[in-house]
Amino acid sequence: MKIENKYNKFFFTSGHLLNPLVILILFIRQLLVIILFWKIVSAEVVMNQCFVCFKPELPGEERLKIVRKYRLIKIKDFILTRASLYESNSSLPIGEIVSSLRREEAVHFADYNHIQATQKIDMNEPRLAEQWYLENKGEPVNFRQTKAGSDIGWIDAVDDYNPRQQRVVVSVIDTGISADHPELKDRRSYMPAEMNGTSGVDDDGLGYIDDTHGWDFIGNDNDPSDLNGHGTQVAGILAAHAENGIGISGVAPNAVILPMRVFNEYGGGATDDRILSALGYSILGGVRIINLSLGKGSAFSIPIQDALYNLEENFDVLMVCAAGNGGMDGKGDDLQITPFYPASYLGNVILSVAATDEYDELAIFSNFGKRTVDLAAPGVNMLTPDLSRKTLQAENFEGDLSGWQFSTTGLGSTWERLTDQNGNRWLTDSAYDEFGYLADYENNLNSSLQSPTIDLSGTKGTTLKIRIYHDLASSFLFFSYDTLWIEVTSAGTESWTPVGQVYGRSKRGGSLYQFDLSSFDGQSIRLRFRLVTDSFRTADGVYLDDLEISGVSSFEQGSEQYAFVSGTSFAAPVISGVAAMVLSHRPEISTKQLRQILMTTVRRVEGLSEKVLSGGIINARAALAKAEEAKVFLDEGWHYHLEKWVYSAMDDQWHYLATDPIQIYRWQSSGSNSSWETLPTKAKVGWKYHGWPYAFDYNSASWEYYQSESKWLGWKGGNRKWHEFDPDLKSWRWIQE
């Protein structure tokens, strides 16, 4: 009994280590510490560092109390944020310190020093193995054989890739993009002022209203949606989402697309003025890489050539252009003999691109030129995102034709079906005469065939495709043209709008026609095929088959679309993608340096030595490696000494570039006693930065510079970024603040 009381007393004594309440409190405390630690580890933060911003009116002694309380040591201040970075020697977890600091009355805000994570490149994207151009293992793709190693070295490049600029904007001047495709829906660039501005107002003053995500130069509006597919395919090769667990990976994991629509849904409409406007818009948007995959070429344009000279001389931009797909024979042309624009324009702002296949051979359709085409990239059998197309009406005229209305065609007959010698059934205006023989149509007809009501809701860029065999009388001499009119009316009305016409004679078996119904998007319509003839002479008539009405629709869950495509149009975005990777990896280099890097690091291929200037295929890994070694100069006229001093030949002076921790010096000129004078740190408020690492203070109308013993920074006016000098590389690197 004594023993039992002894143990009871021992076990329940208040404050004893084995008291259940104490154990529970210790357990909960330890659990909270573990949770905080897990949150910190999972969030990837520097374990003993935090940012602290004290309230500006706080007395110095109050700030000192907080610093001592949490054992904080200041590491650095920053130019753009009011917060300072501190290191803590406290035994408390950094999560607990930050939580406590946030509750302090004297603290404006506190936060972790997060370790920024770039977008990961998921090597398990389901269809990555079909992207032979990224890594070619010699396995068949889309029923085509490949040769191992015939790729751009992308997988190896990813191992060396260390992006310091998280978003590299690439302008895609094309047919627009499908913004809701799962591979592209978060890969668009944006105009910040318009995103946060007022609807109906040109918030950024660039001349375009509400242009949050690019511009449609065809419709002159802010919706550059793709109704053709070409632009979506180009953008997908370049920047498809690399870690969404579906489909493919784009070449450039950190690229975002600024889409500009200059082609309509049929691949036309890209006039010189639209191209020039899109180029100008790209510059206004701060773009450094422009992809222009014009597939048909055009005549030489003096204004465009003038614009390209201007781009080369005054802007830091690279324009990647497709070399083109040859002529009607399906074979590529030599651009030294047959120029193809825009690839053949003069100057070094353009990088013209030929296409190769899975065997490192020049694609049969690809244009080339030993001095006129710069380099090559894969452009055959390329897997890429595609549009979602929805079929709204399909009719082969084989089954029930209820709902179709037929008018008489002469002699009391109507439109009817006719079966040809191959067993295919057509709908025709003049099948047989009254004796059962094949008949011609009559003179002076106005005969029609009307469809049932067709609902066009839920799609954009609606088109009508139909096969028509027609043999219609025509005479240029007598101005006689019997014509089949294709007309549309909105349901409930009888006002017919022509959308197309055919006359003369088609090829044997019929011709496939396509007519634009986009002006009726979202409506319910009826079609009418109306044959109008005159009194000059007659002929066989018209035969209709394989009618289809379709449009571009939104993607539904799990309905993403992909396609295999070929063309130099799809080799160009491979180059643009590698260029974007390089700029993300070394954002401080100029596009002139970028162009030289891409040209001099190609994987040389014997068969291309006489076909392209560089003699090879883009090599992503080699380009990154050379970019890592590139020397960067702040501005023209600056040359660098081995010490911490730089000499500017432009003003014939030596300058010491330094900052962090910030000390501000002002040059005081007073004859033989001239010297640098130290300023208080607060004097930097309101400074305006010059193109050099100097700042001009309007209040004192004098120039200052920063100084430090730890590292030295310079301000580059060209891309308006601070650069840190790398003593090992003897060059400047772009830094984030």
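Parameters and conventions
Each residue is numbered by its place in its chain's sequence as written, counting from 1. In view of the model being predicted, local features appear only for residues whose pLDDT reaches at least 70, and side-chain atom pairs are presented and counted only at 80 or more, with totals across whole chains, interfaces and linings using the full set of residues. To obtain the side-chain values, all non-hydrogen atoms of the structure were included, while hydrogens and water were left out. Under the scheme used here, helices are H or I runs from DSSP no shorter than 4 residues and strands are E runs no shorter than 2 residues, and both carry numbers assigned from the N terminus. Partly exposed describes any residue whose relative accessible area lies between the buried limit of under 20% and the exposed limit of over 50%, with all areas from a 1.4 Å probe on protein chains only and scaled to the type maximum. We call two residues contacting when some pair of their heavy atoms lies within 4.5 Å. Note that accessible areas follow from Shrake-Rupley with a 1.4 Å probe, and for residues the cover is restricted to the protein chains shown. Pairs of N or O atoms are called polar contacts if they sit within 3.5 Å, as long as, within protein, a hydrogen donor faces a hydrogen acceptor (for residues adjacent in sequence, only side-chain-to-side-chain pairs). Axis angles are defined between N-to-C directions and span 0 to 180 degrees, where every axis is a line fitted to C-alpha atoms and, for a helix, only to the segment in contact. By definition, turning the near helix anticlockwise from the far helix through less than a right angle yields a left-handed crossing, and turning it clockwise yields a right-handed one. Residues were grouped as follows: Ala, Val, Leu, Ile, Met, Phe, Trp, Tyr, Cys and Pro as nonpolar; Asp, Glu, Lys and Arg as charged; and all remaining residues, including Gly, as polar. The term nonpolar core refers to a set of buried residues drawn from Ala, Val, Leu, Ile, Met, Phe, Trp, Tyr and Cys, joined through side-chain atoms within 4.5 Å. Patches were defined on residues exceeding 30% relative accessible area and lacking a salt bridge, with like-charge contacts within 9 Å and nonpolar side-chain contacts (Val, Leu, Ile, Met, Phe, Trp, Tyr) within 5 Å. Take a side-chain nitrogen of Lys or Arg and a carboxyl oxygen of Asp or Glu: if they are within 4 Å of each other, that pair is a salt bridge. By the convention used here, strands pair only if DSSP detects at least 2 bridges between them. The pLDDT score gives, residue by residue, the confidence of the prediction method on a 0 to 100 scale. The cut-offs work like this: below 35 degrees is roughly parallel, past 145 is roughly antiparallel, 65 to 115 is roughly perpendicular, and the gaps in between are oblique. Two rings belonging to Phe, Tyr or Trp (six-membered ring only in the last case) form a pair when the distance between their centres is within 6.5 Å. Interplanar angles under 30 degrees mark stacking, angles over 60 mark edge-to-face geometry, and anything in between is tilted.

Caption draft 1: Spatial organisation of the overall build of the chain. In terms of helices and strands, the chain carries twelve helices and 42 strands. Counting over 737 residues, the chain shows a buried share of 48%. The long-range share in the chain, meaning contacts at least 24 apart out of those at least 6 apart in sequence, stands at 70%. Summing over all exposed atoms, the chain offers an accessible surface of approximately 35,800 Å²; the carbon and sulfur share of this is 52%.

Caption draft 2: Highlighting the environment of glutamate 487. Considering the arrangement of structural elements, one finds glutamate 487 in strand 24 (residues 483-490). We classify glutamate 487 as buried; its relative accessible area is 3%. Through-space distance from the C-alpha of glutamate 487 to that of arginine 528 is 5.1 Å; in sequence the pair is 41 residues apart. Beyond its immediate chain neighbours, meaning those up to four positions away, glutamate 487 contacts Trp496, Thr497, Pro498, Val499, Arg526, Leu527, Arg528 and Arg530. Only 2.7 Å separates the side chain of glutamate 487 from the side chain of arginine 528, close enough to count as a polar contact.

Caption draft 3: Representation of unusual backbone geometry within the structure. Here the residue pair tyrosine 341 and proline 342 is connected by a cis peptide bond, since its omega of 15 degrees sits within 30 degrees of zero. Position of proline 342 relative to the elements: it lies in the loop between strand 9 (318-322) and strand 10 (350-356). Positive phi outside glycine occurs at asparagine 220, with the angle close to 55 degrees. Structurally, asparagine 220 is set in the loop between strand 6 (215-216) and helix 7 (230-239). Overall, asparagine 220 belongs to the exposed group, its relative accessible area being 57%. For phenylalanine 479, which is not a glycine, the phi torsion comes out positive at approximately 50 degrees. Note on placement: phenylalanine 479 falls in the loop between strand 22 (474-475) and strand 23 (480-481). Judged by relative accessible area, phenylalanine 479 falls into the exposed class, the value being 68%.

Caption draft 4: Molecular detail of the packing of helix 7 against helix 10 (residues 572-585). Across the interface, helix 7 lies against helix 10 with an axial gap of 8 Å and an inter-helix angle of 35 degrees. When you trace helix 7 past helix 10, the crossing you get is right-handed. On helix 10, the residues touching Val234, Ile237 and Leu238 of helix 7 are Pro573, Val574, Ser576 and Gly577. Looking at the contact of helix 7 with helix 10 residue by residue, the class counts come to five nonpolar, two polar and no charged.

Caption draft 5: Spotlight on the nonpolar core. Counting residues in each nonpolar core, the largest one holds 101 residues, and the members touching the most others are Trp154, Ile173, Leu308, Ile575, Val578, Leu598 and Ile618. Broken down by element, this core gets its largest block of residues, nine residues, from helix 10. Other than its neighbours up to four places away in sequence, isoleucine 618 contacts Ile152, Leu375, Ala376, Ala377, Val574, Ile575, Val578, Leu598 and Val602. Membership of the second largest hydrophobic core comes to 32 residues, among which are Trp404, Tyr441, Ile466 and Ala539.

Caption draft 6: Region of interest: the environment of alanine 572. With respect to the secondary-structure elements, alanine 572 resides in helix 10. Judged by its relative accessible area of 0%, alanine 572 falls in the buried class. As a C-alpha pair, alanine 572 and leucine 375 span 197 residues in sequence and 10.0 Å in three-dimensional space. Residues contacting alanine 572, with those up to four places away along its chain left out, are Asn291, Ser293, Val320, Cys321, Ala322 and Val353.

Caption draft 7: Fine view of a nonpolar patch on the surface. Among the surface-exposed residues, Phe476, Tyr481 and Tyr503 lie close enough to one another that they form a single nonpolar patch of about 380 Å² accessible area. Examined against the element boundaries, tyrosine 503 turns out to sit in strand 25 (residues 497-503). The class of tyrosine 503 is partly exposed, set by a relative accessible area of 45%.

Caption draft 8: Quick look at the pairing of strand 12 (residues 382-386). The element strand 12 is extensively covered by neighbouring structure, given that five of its five residues are classed as buried. Pairing geometry for strand 12 and strand 29 (residues 561-565), over five bridges, is antiparallel. Bridge pairing in strand 29 links proline 385 to tyrosine 562.

Caption draft 9: Spotlight on the side chain of serine 150. Note on placement: serine 150 falls in the loop between strand 4 (107-114) and helix 5 (154-160). Ignoring any residue separated from it by four or fewer positions in sequence, one finds serine 150 in contact with Trp132, Asn136, Glu358, Tyr359, Asp360 and Arg603.

Caption draft 10: The confidence of the model for the chain, seen in detail. On average, residues of the chain score 80 in pLDDT, and 74% of them reach the 70 mark or higher. Per-element averaging of pLDDT across the chain places strand 37 (residues 688-689) at the bottom with 35 and strand 11 (residues 375-378) at the top with 97. Note on residues 116-120: pLDDT under 50 across the span, and 14 contacts to partners over four residues away in sequence or across chains. Ignoring residues within four places in sequence, the model shows residues 681-698, a span with pLDDT below 50, making 54 contacts including any to other chains.

Caption draft 11: Layout of the packing of helix 10 against helix 12 (residues 620-628). Interhelical geometry of helix 10 versus helix 12 gives an angle of 30 degrees and a closest axis separation of 10 Å. The angle between helix 10 and helix 12 places the two elements in the roughly parallel class. At the point where helix 10 passes helix 12, the crossing takes the right-handed sense. Residues Val578, Met581, Val582 and His585 of helix 10 form the contact with helix 12, whose own contacting residues are Ala620, Ala623, Leu624, Ala627 and Glu628. Class assignment for the residues of the contact of helix 10 with helix 12 results in seven nonpolar, one polar and one charged.

Caption draft 12: Main features of the pattern of salt bridges. Using the criterion set out here, one finds 21 salt bridges in the structure. The partner of arginine 621 in a salt bridge is aspartate 156, with the nearest N and O atoms 3.9 Å apart. One end of the pair, arginine 621, is in helix 12; the other, aspartate 156, is in helix 5, with 465 residues separating them in the sequence. Arginine 621 sits in the partly exposed class, given a relative accessible area of 40%. It is possible to trace a salt-bridge network through shared partners that takes in Asp156, Asp160 and Arg621.

Caption draft 13: View of the packing of aromatic side chains. The full count for this structure, using the stated rule, is 13 aromatic pairs. On the basis of an interplanar angle of 80 degrees and a centroid distance of 5.9 Å, the ring pair of tyrosine 208 and phenylalanine 217 is categorised as edge-to-face. With respect to burial, tyrosine 208 and phenylalanine 217 carry one shared label: buried. Chaining the aromatic ring pairs together yields one cluster made of Tyr208, Trp215, Phe217 and Tyr281.

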